[in-house]
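# Structure at a glance
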Amino acid sequence: MITTNPFLSDDDKLHEECGVFGVFGHPDAASLTALGLHALQHRGQEAAGIVCYDGKQFHSHKDLGHVGDIFGKPNVMERMQGHSAIGHTRYSTTGETALRNVQPLFADFASGGCAIAHNGNLTNAMTLRKALVQRGSLFQSTSDTETIVHLMATSTGHSVIDRLTSALHQVEGAYSLVSIFDDAVVGVRDPLGVRPLVLGKLGDAYILASETCALDIIGAEFIRDLEAGEMVVLSPEGLRSIKPFARHERRFCIFEYIYFARPDSVMEGTSVYDARKRIGAELSRESGVDADVVVPVPDSGVPAALGYAEESGIAFQFGIIRNHYVGRTFIEPTDQIRHLGVKLKHNANRAYLEGRRVILVDDSIVRGTTSTKIVEMVRSAGAKEVHMRIAAPPTTHSCFYGVDTPEREELLASRYDVAGMAKLIGVDSLAFISMDGLYRAMGEKGRDASSPQFCDACFTGDYPTRLTDRSARGEKPVQQYSLLEEQEAS
Ligand code: SF4
């Protein structure tokens, strides 16, 4: 169905839910935040918001749409005064896309006002919410982040920092939060550090951001990543680092390196672009094939394809061109329409495909709908052979940590083995990077099964936290089978 809703996405990718940004101690805090959110637009395109504090009162502006459209409107930034601000850009995974769910969420406590912006997802939010509602809490939104606000409201802590800490001790899941109070901006990462959060400086001002590309846009200096389980309080007294949680091994999301983060960002000391190239090189070592040309599925497959081409010595060519002006198609994401979306977005560069044996490199396969259409397009352009190489292991499980993932049943790799997927997508061969190969590309010897160095649950099902809400609902097992076996049996 064609719809007039411009905020629906049509591509077959996992989507990062949110980006967050915060400033303390700069006279243009809100404007810097709008710029920071613009750099984080890839982490959420449905809505954005900023809350700032001018020393007397809070100001807030939130809307549905892209950052530039929301904050570029006349007169919007004029009233967003003050030396501190936080902002949020959103792609919803919990709570529908309604203005009441757009963050930062604001609350007035007896001790003063507070706003929160959250990247991640709480895995026990529904369970906590039920208990809070039974005790009389009135929720204004359907967002999981509001649970933190209500836990703060019902806390007996003296200061807002105490209340925030007490609330965070009760939640499970992934969160990188920025929060603004009347005298401070606070950044905090969950005890496993699943989602990113970095600290920077611009003159005397402190900056918090989901990614370093958001520091670059305002010319801020990168100081460091927040540690897993660290809370930093930025106030007139300077920076205070608190470690309110028991120590855990870090489980940073490995998919940030594969796809979510911008390639010009540096995460946990590793350049995202370099990581993607190393993954491509590893993929070439693991599953090389004779071919004439390495072609990325643009844009996200480009760095891995470059790494693959460099390692294999096979020429890299832009055999597929992406149209960058279809970011917001007015299209409902049904399966049939997703096929149309691919044609809108990509076109074959026939001169570099015709009569060639092509290695197509993409970052991941989710439902497989995009891959199928891309392969069809490459074959129609005259490719002699099409070999697909994927810079991630098969995505077999849903993410519950702030990434928009379909139910397991919809994930192609949860239902078919590699041979089955190759047949469905229509390629001559298909290979995914192995888990150990992915870890090697990240500088490890391999995956340490007893204590994995990253969160990789969407590939392994090894979730690093409890999934309390999910368990309460009772998750159905997904039947896994081979398409080829099924065909042979019939
Ligand atoms: Fe990242 Fe996958 Fe873990 Fe989600 S499940 S946090 S996408 S690695």
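Notes on the structure in this doc start here. What you are looking at is a predicted structure, and each value in this text was computed from that prediction instead of being measured. (Residues numbered from 1 in each chain as written. Predicted model: local features only at pLDDT ≥ 70, side-chain atom pairs only at ≥ 80, totals over all residues. Heavy atoms only, no water.)

The biggest cluster of nonpolar side chains holds 75 residues, and the ones touching the most others in it are Phe255, Ile258, Leu360, Val378, Leu430 and Phe459. The leading source of residues in this core is helix H7 (residues 255–260), at five residues. Taken domain by domain, the makeup of this core includes at least three residues from each of domain 1 (15–250) and domain 2 (273–453 + 475–489). In terms of nonpolar packing, the next biggest core, distinct from the first, is built from 29 residues, Ala107, Ile161, Leu168 and Val188 among them. (Core = buried A, V, L, I, M, F, W, Y, C linked by side-chain atoms within 4.5 Å. Buried < 20%, exposed > 50% of the residue type's maximum accessible area, 1.4 Å probe, protein only. Helix = DSSP H or I, 4+ residues; strand = E, 2+ residues; numbered from the N terminus. Domains from an automatic or database assignment.)

What follows deals with the site of the ligand. In the region of the ligand, 13 residues are neighbours, and Arg195, Cys253, Cys399, Cys455 and Cys458 sit closest. Classifying every residue of the shell around the ligand gives eleven nonpolar, no polar and two charged. (Near = heavy atom within 4 Å. Nonpolar A, V, L, I, M, F, W, Y, C, P; charged D, E, K, R; others polar.)

Right, let's talk about the sheet that holds strand E25 (residues 429–432) for a bit. The pairing of strands in a sheet comes from backbone hydrogen bonds and takes either a parallel or an antiparallel form. With respect to topology, five strands assemble into an open sheet ordered E19-E18-E22-E23-E25, the strand pairing being parallel. Both outer strands of the open sheet, strand E19 (315–316) and E25, are each paired with one neighbouring strand and no more. Sheet topology places strand E18 (residues 293–296) next to strand E22 (residues 357–362); four bridges connect them, and they run parallel. Counted as the bridge partner of Pro296 is Val361 from E22. Its contacts with the sheet place helix H11 (residues 369–380) against E22 and strand E23 (385–390), and it is angled at close to 150 degrees to E23. (Pairing = 2+ DSSP bridges. Contact = heavy atoms within 4.5 Å. Axes fitted to C-alpha atoms, helices over the stretch in contact; angles between N-to-C directions.)

Right, let's get into the packing of aromatic side chains. For the structure on display, the rule yields eleven aromatic pairs. Seen from their ring centres, Tyr439 and Phe454 are 5.6 Å apart, and the 70 degrees between their planes marks the pair as edge-to-face. Taken as a pair, Tyr439 in helix H14 (residues 435–441) and Phe454 in strand E26 (residues 454–455) lie far apart in primary sequence, 15 residues in all. A single burial state applies to Tyr439 and to Phe454, both of which are buried. A cation over a ring is seen here: Arg163 above Phe109, with NZ or CZ 5.8 Å from the ring centre. Positioned above the aromatic ring of Tyr206 is the side chain of Lys201, whose terminal nitrogen or guanidinium carbon lies 4.8 Å from the ring centre. (Phe/Tyr/Trp six-rings, centres within 6.5 Å; stacked < 30°, edge-to-face > 60°. Lys NZ or Arg CZ within 6 Å of the ring centre and 35° of its normal.)

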